[in-house]
Amino acid sequence: MLRWLVLLGFMVRIGIPSPAGFIKGEFIFQQETWHNHSSSIVEAPNGDLIVCWFHGSGERTADDVKIEGARKRKGDEKWSERFTMADTLGYPDTNCAMFIDPQGRLWLLWPTILANRWESALMKYCISTNYLGDGAPEWSTSEVLHITPGQKFVAKVEEWVKQQEAQVKARRLDFSKSRALEYLADIRRQSQDKLTRRLGWMTRAHPVVVSGDRMIVPLYSDGFSFSLMAITDDWGLTWKTSAPLCGDGNIQPTIVERKDGSLYTLMRDNGPAPKRLHQSVSTDRGETWSEVTDSAHPNPGSSSELIKLKNGHWVLIGNDTEKGRGRLAVQVSEDEGATWKWKRYLEADEKLTGTEQYHYPSIIQAQDGTLHATYSYHWLKPNLPVDPDGDPAGKTIKHVHFNEAWIRGE
């Protein structure tokens, strides 16, 4: 069924270009019944695009979930057939992220869910130097990314828990006091247990390179409901962790480096209202982070991604609502996030019915300066087209190619 999306007077579905800007997009594969979610996109040194996502009958509770991928050759209009990038038989492999390091190596990072609960996630990664051919990359390295927060983690969590307990106890006639105190006591207990604090960490956004010689992998935990950074200064030979970014539901961090060398992160809001992307700053290359606060960006509890362009401008992609994932926005800031003058929509269910979800985006700037984004494209409405087995077909990954001029309306 042909679908037209009128976005600010622009027919995105067939990619009609504006005078200076342009946008076009396509499904990487046809919509289907099975779950396809949480994609990540990279551009290879030869200009090819590679995308990964997780695919299966569900998420953490489905032991058939694996990491799939596809490739789009430079200059081609169509994506390759899908291929398997990682599959731990009998376990769900989920929230994958990819990255090409300064040495030109392709990284695939993802959590394997050991016991069908997010808290049981075990981080893994593979590295390839042979990924330009057809089909899946050939992995030369396959490792567990051991996340080993120590006593500094425990101390930071204890400091935050005490602050929160004091605030809760200061409330008057608040019947949620006991529940809040129980939650904080549980966070304290989790932080003091070595196994609990070493498991449950997961990727979402792209890793980043800081000052050319430090790689940071943004991580989050649904058990602690806050974030952490895995840091390597020798490209994966050894790892350490940052201080935790403690807060009330701040997960799935995405990082940019400012002109002054400081790092800025935005994080999904899995906490109470107001629903805003959380934010924090690091002035020591990701080792420690400032107090987590609300940003001005509405967020319904869905991941976003923030990148810095070659011209220094920032681009933010994500759902810009407080409820629902039916509207996917891309925004530009020319002053490192102080203001966001330009916004356009890649997808928009104007009524936000909840039957259309466009979410979990991944975005990069290509070598030619243009932008590529992928995201989960999920229809949950009745009377969907059916797949070859006769089941409702509503889920795929979509790729969109556009430029900054289109976002700015030029």
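All of the points below concern the structure found in this document. Keep in mind that what you see is a predicted model, and the values were worked out from it rather than measured.

### Focus: the pattern of salt bridges
- The final tally for this structure, using the stated rule, is 25 salt bridges.
- With a closest N to O distance of 3.0 Å, Glu165 and Arg188 form a salt bridge. Taken together, the residues Glu165 in helix H1 (residues 151-169) and Arg188 in helix H2 (residues 177-192) connect sequence positions 23 residues apart.
- Using a relative accessible area of 14% as the deciding quantity, one classes Glu165 as buried.
- Residue Arg188 is classed as buried on the basis of its relative accessible area of 19%.
- Where Lys240 meets Glu287, a salt bridge forms, and the shortest distance between an N and an O atom there is 2.8 Å.

### Focus: the sheet that holds strand E11 (residues 141-144)
- Here we have 4 strands laid out as an open sheet, ordered E8-E9-E10-E11, and antiparallel in their pairing. Sheet topology places strand E8 (97-100) and E11 at the edges, where each strand pairs with a single neighbour. Put simply, the sheet's adjacent strands are angled 20° from each other on average, direction ignored.
- Bridge count between E8 and strand E9 (residues 106-113): 4 bridges; the pairing is antiparallel. The residue bridging Ile100 from the neighbouring strand is Leu106, located in E9.

### Points about the environment of Pro111
- With respect to the helices, strands and loops of the structure, Pro111 is situated in strand E9.
- A relative accessible area of 0% means that Pro111 is categorised as buried.
- Through-space distance from the C-alpha of Pro111 to that of Val144 is 9.4 Å; in sequence the pair is 33 residues apart.
- Ignoring any residue separated from it by four or fewer positions in sequence, one finds Pro111 in contact with Pro92, Asp93, Thr94, Asn95, Ala121, Leu122, Met123, Trp201, Met202 and Thr203.

### Focus: the nonpolar core
- Counting 27 residues, the largest nonpolar core has Trp107, Leu145, Trp201 and Phe226 as its most contacted members.
- Among the elements of the structure, E9, strand E10 (121-128), H1, H2, strand E14 (214-221) and strand E15 (226-232) are those that each provide at least two residues to this core.
- Ranked by residues supplied to this core, first place goes to H1 with 5 residues.
- If sequence neighbours within four positions are ignored, Leu145 has contacts with Leu109, Met123, Lys124, Tyr125, Ala230 and Trp239.
- Listed in part, the 23 residues of the second largest apolar core include Phe27, Tyr358, Ile363 and Trp406.

### Some points on the sheet that holds strand E4 (residues 35-43)
- Strand order in the open sheet formed by 4 strands is E4-E5-E6-E7, and the pairing between neighbours is antiparallel. Edge positions in the sheet fall to E4 and strand E7 (83-86), since each has one partner strand and no second. Taken over all neighbouring pairs, the strand axes of this sheet differ in orientation by 35° on average, direction set aside.

### Observations regarding the packing of aromatic side chains
- Counting across every chain of the model gives 15 aromatic pairs.
- Measuring from centroid to centroid gives 6.5 Å for Trp160 and Phe226, while their planes differ by 75°, and the two rings are edge-to-face. Placement of the pair is Trp160 in helix H1 and Phe226 in strand E15, with a sequence separation of 66 residues.
- Accessibility expressed as a relative area gives 0% for Phe226, which makes it buried.
- Arranged with centres 5.8 Å apart and planes meeting at 15°, the rings of Trp201 and Phe224 form a pair that is stacked. You can see Trp201 sitting in strand E12 (residues 201-202) and its partner Phe224 sitting in the loop between E14 and E15, a full 23 residues away along the chain. You'll find Trp201 and Phe224 in the same group, each marked buried.

### Structural notes on empty space enclosed by the protein
- Across all of its chains, the model carries 1 cavity of 30 Å³ or more by this definition.
- Taken as a whole, the largest cavity holds about 40 Å³ of empty space.
- Taken together, Ser39, Ser40, Arg204, Ala205, His206, Ser304, Glu305, Pro361 and Ser362 make up the full set of residues lining the largest cavity.
- Counting residues per element, the ones that place at least two in the lining of the largest cavity are E4 and strand E25 (356-365).
- Its residues assigned to classes, the lining of the largest cavity shows 2 nonpolar, 5 polar and 2 charged.

### Quick word on the environment of Asn116
- Inspection of the secondary structure assignment puts Asn116 in the loop between E9 and E10.
- Asn116 gets classed as partly exposed once you look at its relative accessible area, which sits at 28%.
- Distance from Asn116 to Arg325, taken between C-alpha atoms, is 25 Å for residues 209 residues apart in sequence.
- In this view, Asn116 contacts Arg60, Thr61, Ala62, Asp63 and Pro92; residues no more than four positions away in its chain are not counted.
- At a separation of 2.8 Å, a polar atom in the side chain of Asn116 contacts the main-chain carbonyl oxygen of Arg60.
- Among the polar contacts made by the side chain of Asn116, one reaches the side chain of Asp63 at a distance of 2.9 Å.

Rules of the game
Residues numbered from 1 in each chain as written. Predicted model: local features only at pLDDT ≥ 70, side-chain atom pairs only at ≥ 80, totals over all residues. Heavy atoms only, no water. Salt bridge = Lys/Arg side-chain N within 4 Å of Asp/Glu carboxyl O. Helix = DSSP H or I, 4+ residues; strand = E, 2+ residues; numbered from the N terminus. Buried < 20%, exposed > 50% of the residue type's maximum accessible area, 1.4 Å probe, protein only. Pairing = 2+ DSSP bridges. Axes fitted to C-alpha atoms, helices over the stretch in contact; angles between N-to-C directions. Contact = heavy atoms within 4.5 Å. Core = buried A, V, L, I, M, F, W, Y, C linked by side-chain atoms within 4.5 Å. Phe/Tyr/Trp six-rings, centres within 6.5 Å; stacked < 30°, edge-to-face > 60°. 1 Å grid on protein atoms, 1.4 Å probe; cavity = no way out; pocket = protein on both sides within 12 Å on 5 of 7 lines; lining within 4 Å. Points joined across faces, edges and corners; volume = space filled by probe spheres on them. Nonpolar A, V, L, I, M, F, W, Y, C, P; charged D, E, K, R; others polar. Polar contact = N/O pair within 3.5 Å; in protein donor to acceptor, adjacent residues only side chain to side chain.

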